[in-house]
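Analysis of the macromolecular model
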Amino acid sequence: MKFIPKIVKWLIGINIGIYVLSLSLIHSYNFNLIEALALHADHDFRWYQLITHSITHSTHMGHIIGNMTFFLIFAIFVQKRIGPTTCLLLYVYTAIISGLFWVGGHVSGGLVGASGTLFGFMTVFLFVPVEKWFFKALKILVLFAIFENILSFNLIKYSYTAYDAHIGGVIAGLIWVGLSYIIKKTSPWLKKELKKRL
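As a starting point, this report considers the structure included with it. The structure displayed is predicted, hence computed values, not measured ones.

Reading the values: rules and limits
Going along each chain's sequence as written, the residues are numbered from 1 onward. Under the rules for a predicted model, residues below a pLDDT of 70 receive no local features and side-chain atom pairs below 80 are neither given nor counted, while totals for whole chains, interfaces and linings still include all residues. Calculated side-chain values reflect all of the structure's heavy atoms, with hydrogen atoms and water omitted. Only buried residues count toward a nonpolar core. Its members are Ala, Val, Leu, Ile, Met, Phe, Trp, Tyr and Cys residues joined through side-chain atoms within 4.5 Å. Buried residues are those whose accessible area, probed at 1.4 Å on protein chains only, stays under 20% of the maximum for their type, while exposed residues exceed 50% and partly exposed ones sit between those limits. Helix and strand assignments come from DSSP, with helices taken as H or I runs of at least 4 residues and strands as E runs of at least 2, each series counted from the N terminus. We call two residues in contact when some of their heavy atoms are within 4.5 Å. One less than the number of residues in a helix, times 1.5 Å, gives the span that helix is expected to have. Two axes are fitted around each residue, one to the seven residues ending there and one to the seven starting there, and the angle between them is reported as the bend at that residue. Each polar contact in these results corresponds to two N or O atoms within 3.5 Å; when the atoms are within protein, one needs to be able to donate a hydrogen and the other to accept it, and residues that are neighboring in sequence are counted only if both atoms are side-chain atoms.

Attention now moves to the nonpolar core. Counting 40 residues, the largest nonpolar core has Phe-71 and Phe-121 as its most contacted members. Only α1 (6-29), α2 (33-37), α4 (61-82), α5 (84-104), α6 (115-125), α7 (133-155) and α8 (163-183) provide two or more residues apiece to this core. Considering each element in turn, this core owes the most residues, 9 residues, to α4. Look past the residues within four positions of Phe-71 in its chain and what remains in contact with it is Val-8, Leu-11, Ile-12, Tyr-91, Leu-118 and Phe-121. Ranked by size, the runner-up nonpolar core spans 7 residues in total, among them Leu-39, Leu-50, Trp-102 and Leu-111.

Now for α4. When the terminal C-alpha atoms of α4 are compared, their 30 Å separation across 22 residues agrees well with the 32 Å that a helix rising 1.5 Å per residue should span. Where α4 bends most, the angle comes to about 30°, and this point is Ala-75. Within α4 the residues assigned to the buried category are Ile-64, Asn-67, Met-68, Phe-71, Phe-74, Ala-75, Ile-76, Phe-77, Val-78, Gln-79, Arg-81 and Ile-82. Packed against the buried residues of α4 are α1, α5, α6, α7 and α8. Gly-83, located one to two residues past α4, shows a positive phi value of around 90°.

Let's shift gears to the side chain of Thr-94. In this structure, Thr-94 sits in helix α5. A polar contact of 2.7 Å, which involves the side chain of Thr-94, links it to the backbone oxygen of Leu-90. A polar atom in the side chain of Thr-94 sits 3.1 Å from the backbone oxygen of Tyr-91. Not counting residues up to four positions away in its chain, the partners in contact with Thr-94 are Thr-117, Gly-120, Phe-121 and Ala-172.

Here is the structure:
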């Protein structure tokens, strides 16, 4: 597990910890932590929910397993290009932007899950130079997932999947890459020597 950066381990660990704590509080004290940390589009909206929703998942185990598995895959490569501190900032930034994008399209309801942030990392991953065919194929799958979400957002009016938050994550990722190029602070798409070529 040494190949997994510490910041990625911490972020996944926080998500898992919140998930376990949420289940424990529901079963032991009948307290719904998920509801408290979820992003609300109505009068229950609180500013901190723009971040907390991204580390909170529903009680359905498949929700957190799916998000964290794919986050692990993409976050490893993105973090190697931008470093741990910027990786953490990218997580928070994409959570806020995707959350705002979702809130802007809803008048009620709640949002939980790291999928908006995940799509942000997936978008940044598209600009990371790779040489191995597997990672090139992975980029094609990312493009397909983004395209499928755009279609679903336009065609499916009512769904438990937050397609708009996913698109918000994509937009956040594109903005981040664009700003990085302008200020020339971190450029994940520029080729540079790594100990292990991707």
